Amino acid sequence: MKKLFLLLVFIPFLVFGESLYSPTWGFYIDLPEGYEFHDGDARDRFSFAGPQGLMFDIIIYADRYNSMLELVNDVNRRLSNNGDVDFFEYNGKQAVIFKLDFGGNDGWGLALELGGSSARKPILLALAYAPNERTDLELFHLSALDSISPTEAELRYPGPIMEYGYPRGTAKSTPLAIRGLNALIYENDAEASQVLIEREYILLQYYLNTPLIQDAWVRYYRFIYRDSYDRIKDAASVITRHFGGYTANTDAQKREFAQKVLTFIQNLQYERFIYESDFLNLVSSVTEGKGDCDSHSMLFALILAQVNIRGAMMLSPHYSHAMALADITGSGARVDAYGTNWLVAETTAKIDIGLIDQEQADITKWFVIIFD
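I will try to describe carefully the structure that is included in this document. The structure displayed is predicted, hence computed values, not measured ones.

Once that is clear, we can look at the pairing of strand β12 (residues 182–186). The side-chain alternation of β12 yields one buried face, formed by Ala 183 and Ile 185, and one unburied face, formed by Asn 182, Leu 184 and Tyr 186. Sheet topology places strand β11 (residues 171–175) next to β12; five bridges connect them, and they run antiparallel. Each residue of the ladder has a partner; that of Lys 172, found in β12, is Ile 185. In this structure, the hairpin formed by β11 and β12 is closed by a connection of six residues, where Gly 180 is found at a positive phi of approximately 95°.

Listed below in structure tokens is the structure:
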């Protein structure tokens, strides 16, 4: 499923699993699968109904409140809500998270500053809740709130829930999996990223044996990519410079750079993990030099993104395997998806870019995941 930034004004006609964009306020959301537009004016107010009684509401306030505290106090008063409140900063923006317990529902509320040049920035209020007897739906609330990007800058930045629960700490010079190379890595990023992966993997299990499972897989990997991008951005940049990516201008040079990156990733230790997800976070992968086909494929795409080469991955539950894809020219096995003829890159066997095991070459057994 292609990720599209659809205008929110069209939401009433969608059952979506794609990122949605508000042209009025500049924010993005990427809700779990199965939520549908339920009510609102599709400009300042949006209400989505999810499976099993899930609800997700967004309200935009401009020039109404002087502070986050004033907003939360007013919301709690109007809802007769008594949940705990905590204030934090999200990527330089004021934010507040609070527990919801009102009218037979419980869940979580989140308020974030949006972008803008005025001194008093618009505020996005999001409420994720369900009937209070459905305590098993907590991960839906957290994932839905974590999907909010208040501006375009956060589309490649950990979500607000992860930032609140796992502050990144101090950036430290850290050795990478290439001898002699160091990059700035925040001290808590590996742990935070793994927590995000495991949370989203548990959520993914709700979609097994449903028609939404493929879209849920796509969102799962898209979510991990978003969370990982800034966490390893400096590492990816250092590796890119090491392999001459920033001077790769011709098609031939871009392919040569992609081959160097692929060879580096193929030389990482292939390892299965004790995590439920069996997916090692990219921070640990790039610093400890190990991973499996999922993390290797995503790491390849993320490094290529540093020089504006589009990367993607494809997944096959049938083959229990993942491979990377690159939008570069030249000969080799290719996959057509979303208007691009992708070149295949096998990240776990030491073969050149464009080669694929014939025993895994049935394209009907694969689906493509893109990150842009």
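Here the narrative resumes, following the displayed structure.
Next up on the list: the pairing of strand β8 (residues 93–102). The buried fraction of β8 amounts to seven of the 10 residues, a majority that puts the element mostly inside the structure. Note: strand β7 (residues 85–90) against β8, six bridges, orientation antiparallel. Note on β8: the bridge partner recorded for Phe 88 is Ala 95. The loop that links β7 with its antiparallel partner β8 comprises two residues; one of these, Asn 91, has a positive phi angle of about 50°. Direction of pairing for β8 relative to strand β9 (residues 105–113): antiparallel, over a ladder of eight bridges.

With that settled, consider the layout of surface pockets. Of the pockets and cavities examined, the largest pocket occupies roughly 320 Å³. Residue lining of the largest pocket: 18 residues in total, with Trp 217, Tyr 221, Asp 294, Leu 315 and Ser 320 positioned closest to the centre. By residue number, the principal contributor to the lining of the largest pocket is helix α5 (residues 213–231), which donates three residues. Classifying every residue of the lining of the largest pocket gives 10 nonpolar, four polar and four charged. Its boundaries defined by the atoms lining it, the second largest pocket holds a volume of some 200 Å³.

Let's shift gears to the nonpolar core. In this structure, Phe 56, Tyr 221 and Phe 300 are the most contacted members of the largest nonpolar core, which totals 96 residues. Sequence-distant contacts of Phe 56, defined by excluding residues within four places in its chain, comprise Leu 31, Tyr 35, Phe 46, Ser 47, Phe 48, Ala 126, Leu 127, Ala 128, Ala 144, Leu 145 and Ile 148. Formed by 17 residues, the second largest nonpolar core is a distinct cluster that contains Met 55, Val 75, Leu 100 and Phe 102.

All right, on to empty space enclosed by the protein then. Scanning the model with the defined rule gives three cavities of 30 Å³ or more in all. By volume, the second largest cavity amounts to about 70 Å³. Residue lining of the second largest cavity: Pro 32, Glu 33, Glu 200, Leu 203, Leu 204, Tyr 207, Ala 216, Arg 219 and Tyr 220, and that is the complete set. Those elements giving two or more residues to the lining of the second largest cavity turn out to be α4 (189–204) and α5.

Rules behind the numbers
- Residues numbered from 1 in each chain as written.
- Predicted model: local features only at pLDDT ≥ 70, side-chain atom pairs only at ≥ 80, totals over all residues.
- Heavy atoms only, no water.
- Buried < 20%, exposed > 50% of the residue type's maximum accessible area, 1.4 Å probe, protein only.
- Helix = DSSP H or I, 4+ residues; strand = E, 2+ residues; numbered from the N terminus.
- Pairing = 2+ DSSP bridges.
- 1 Å grid on protein atoms, 1.4 Å probe; cavity = no way out; pocket = protein on both sides within 12 Å on 5 of 7 lines; lining within 4 Å.
- Points joined across faces, edges and corners; volume = space filled by probe spheres on them.
- Nonpolar A, V, L, I, M, F, W, Y, C, P; charged D, E, K, R; others polar.
- Core = buried A, V, L, I, M, F, W, Y, C linked by side-chain atoms within 4.5 Å.
- Contact = heavy atoms within 4.5 Å.

Function cannot be inferred from these measures alone, as they are strictly geometric.
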